[in-house]
Amino acid sequence: MARRSVLLVGSEAQPFAKTGGLADVLGALPPALQRLGWDATVVLPRYRGVTAGTVVDTFPVTSGGFTRDTRFYEAPLADGARAVLVDCPELYDRAGIYGADSTDYPDSPRRFAFLSRAALEFAARRETPPSIVHAHDWQAGLVPVYLRTLYAAHPVLRGTPSIFTIHNLAYQGVYESDWLPRVDLGWDQFAPDRLEFYGRFSMLKGGIVDGRFVTTVSRRYAEEIQTPAFGFGFDGILRARRADLVGILNGIDDVEWDPARDPFLPTRFSAADLSGKRDAKAAVLQRYGLAADEAALARPLVGMVSRMVDQKGFDLIAAALDDLTRLDIAFVVLGTGEPRYQDMWRAAAARHPDRVAVRIGFDESLAHQIEGGADMFLMPSRFEPCGLNQMYSMRYGTVPIVAGVGGLADTVADGVSGFVLAAHTPAALREALDRALAAFSDPAAWRALQLAGMRQDFSWDRSAREYVKIYERALAGVRR
Ligand code: ADP
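The structure displayed is predicted, hence computed values, not measured ones.

Our focus in this paragraph is the sheet that holds strand β12 (residues 200-202). Read across the sheet, 3 strands follow the order β10-β12-β11 without closing on themselves; strand pairing throughout is antiparallel. Lying at the two open borders of the sheet, with one neighbouring strand each, are β10 (174-175) and β11 (196-197). Those strands touched by helix α5 (residues 203-210) are β10, β11 and β12, and its axis lies near 55 degrees from that of β12.

Here we take up the sheet that holds strand β15 (residues 301-308). Spatially, the 6 strands line up as an open sheet ordered β17-β16-β15-β18-β19-β20, and their pairing is parallel. The open sheet terminates on both sides in strands that have one partner only, identified here as β17 (356-360) and β20 (419-421). The sheet shows a mean angle of 20 degrees between the axes of neighbouring strands, taken without regard to direction. The strands touched by helix α13 (residues 364-373) within the sheet are β15, β16 (330-337), β17 and β18 (376-379), with β15 carrying the most contacts at an inclination of about 145 degrees.

Right, let's get into the site of the ligand. The environment of the ligand is made up of 19 residues, and the closest members are Lys 18, Gly 21, Arg 307, Lys 312 and Gly 361. Lys 312 is positioned with one of its side-chain polar atoms (N or O) 2.8 Å from an oxygen atom of the ligand. When isolated, the ligand has an accessible area of 560 Å², and the protein chains bury 94% of it. Among the elements of the structure, α1 (21-35), β15, β16 and α14 (389-395) are those that each provide at least two residues to the shell around the ligand. Looking at which element gives the most residues to the shell around the ligand, the answer is β15, with 3 residues. Counted by class, the shell around the ligand contains 7 nonpolar, 7 polar and 5 charged residues. Split by domain, the shell around the ligand shows at least three residues from each of two domains, domain 1 (5-251 + 461-476) and domain 2 (276-457).

Before going further, it helps to spend a moment on the domain arrangement of the protein. When the parts of a complex come together, some accessible area is lost, and that lost area is often used as the size of the interface. For the protein, the domain assignment lists domain 1 (5-251 + 461-476) and domain 2 (276-457). When each unit is reduced to the centre of its C-alpha atoms, the spacing between domain 1 and domain 2 is 32 Å. Across the boundary between the two partners, domain 1 contributes 21 residues, which contact 20 residues of domain 2. Surface buried jointly by domain 1 and domain 2 totals about 1500 Å² across both partners, of which 58% is contributed by carbon and sulfur atoms. Where domain 1 touches domain 2, the interface holds 0 salt bridges. Across the contact surface, domain 1 and domain 2 share 9 residue pairs in polar contact (both at pLDDT 80 or more).

What follows is about unusual backbone geometry. Across the junction of Gln 14 and Pro 15, the peptide omega takes the value 0 degrees, indicating a cis bond. Summarising the element assignment, Pro 15 is placed in the loop between β1 (5-9) and α1. Its identity as a non-glycine residue notwithstanding, Asp 79 has a phi of 60 degrees, on the positive side. Turning to its location among the elements, Asp 79 is positioned in the loop between β4 (66-76) and β5 (82-87). Here the phi dihedral of Asp 184 falls at roughly 65 degrees; this positive angle occurs in a residue that is not glycine. As for its placement among the helices and strands, Asp 184 is situated in the loop between β10 and β11. The class of Asp 184 is partly exposed, set by a relative accessible area of 22%.

About the thresholds
- Residues numbered from 1 in each chain as written.
- Predicted model: local features only at pLDDT ≥ 70, side-chain atom pairs only at ≥ 80, totals over all residues.
- Heavy atoms only, no water.
- Pairing = 2+ DSSP bridges.
- Helix = DSSP H or I, 4+ residues; strand = E, 2+ residues; numbered from the N terminus.
- Contact = heavy atoms within 4.5 Å.
- Axes fitted to C-alpha atoms, helices over the stretch in contact; angles between N-to-C directions.
- Near = heavy atom within 4 Å.
- Polar contact = N/O pair within 3.5 Å; in protein donor to acceptor, adjacent residues only side chain to side chain.
- Areas by Shrake-Rupley, 256 points an atom, 1.4 Å probe, with all protein chains shown as cover.
- Nonpolar A, V, L, I, M, F, W, Y, C, P; charged D, E, K, R; others polar.
- Domains from an automatic or database assignment.
- Buried area = accessible area lost by both parts, 1.4 Å probe.
- Salt bridge = Lys/Arg side-chain N within 4 Å of Asp/Glu carboxyl O.
- Buried < 20%, exposed > 50% of the residue type's maximum accessible area, 1.4 Å probe, protein only.

In structure tokens:
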């Protein structure tokens with residue numbers, strides 16, 4: 001049998017473009033699949049500033065009557081996997097990945113329908129076509145739809161099963177129906193059992209209805225999204241697909257996020273020898289312009305690295321912040337997002353310049369230094385499909401304080417490897433923090449918490465094996 005291959009499609013992947021966890025997944029899953037004997041190619045746009053890769057093909061791509069000569073750059077990923085970057089400057093050579101000034105570009109449907117068509121056309125021209133197509137989030141939601149419509153009788157791609165993965169149900173790619181013809185879809189798709197969604201159409205729904213399997217990034221989230229509280233209007237659609245809905249926890253890149261070889265840390269450390277963590281704490285305090293004397297080093301340091309949006313529990317923090325800043329703890333915060341939450345942290349830093357420090361921006365090295373140097377990591381998300389930072393934290397001996405939702409509930413054991421809020425309330429946040437502070441004051445108890453987290457296996461190999469099982473189930477049902 002020929003070597004099996006998978007074509008992954010999505011809007012961001014490390015190390016080329018990143019706004020969130022999707023990029024981590026699409027950068028790490030292809031190499032992990034490759035290590036399991038699959039041939040893995042991830043296709044994403046070639047955004048402004050990407051210089052990697054060499055041109056491997058050039059041909060015209062048409063999406064909804066919009067035709068552009070398109071260059072395809074190939075760049076190697078680890079372990080023999082590869083990325084293919086779709087170069088259409090008119091669509092992708094822009095200031096932002098999704099938009100400017102927190103407004104998405106108005107031609108988003110075109111930008112990502114084009115990506116989907118380009119990925120499929122590229123795959124169809126290879127010597128060996130993909131065995132499986134694996135589409136991610138709404139930006140690639142039309143890939144499964146195209147395979148069932150435009151490509152249903154295609155000489156090469158006909159019958160290729162697709163898997164659709166939901167990384168975050170809150171982003172649904174909902175647009176006015178007059179976009180349908182402009183993304184190559186007929187009006188027959190504007191139906192409740194197809195892509196219609198409350199009078200408009202949803203690209204996410206396309207992936208959900210037409211993926212052979214639908215996966216999401218933790219078991220708990222797979223259950224939660226079937227309920228009205230977490231379903232964002234999709235719970236009924238997802239319940240209808242319950243038999244084919246699977247939760248697979250993301251892994252983490254355990255080379256990039258490894259305290260024993262992290263180039264951003266002043267001194268490396270590991271479960272066997274945690275002494276370097278103190279240097280990391282001093283370094284992050286200094287980088288934030290906070291004192292790093294004995295008193296500061298003894299004081300619990302709480303870190304946050306996050307998009308500053310309601311999802312991440314910033315509303316809860318807003319309600320609790322006055323109370324929290326009365327405690328003898330310090331905060332180091334890194335993030336971008338809603339202006340009101342940026343202002344909230346800036347104001348807190350102005351009131352407590354010795355104990356609260358915030359950096360607004362996206363900064364990979366600082367994110368590593370916070371994970372390394374903080375004692376605790378705060379992540380009180382309202383919902384959290386998987387969450388990566390709590391896993392990075394555990395790897396770095398930084399004890400997470402998390403909400404009991406989604407991937408946070410699946411990865412953090414309350415009182416064992418971290419602390420889980422009993423409810424989404426300021427009082428529950430305070431209660432969990434108090435328990436963390438009590439443990440912190442007992443060095444042996446604290447060490448046990450740190451080591452419990454550091455010893456967990458969050459490797460991609462484990463996750464990739466689960467994906468392969470799904471790919472194989474999808475292939476078992478195919479006759480070409
Ligand atoms: P989400 O994908 O919802 O944003 P995740 O926890 O799954 O949340 O992944 C977020 C990823 O983005 C992590 O790798 C995190 O370290 C990173 N990240 C988020 N904000 C920043 C920032 N301001 N600077 C650096 N890295 C960030």
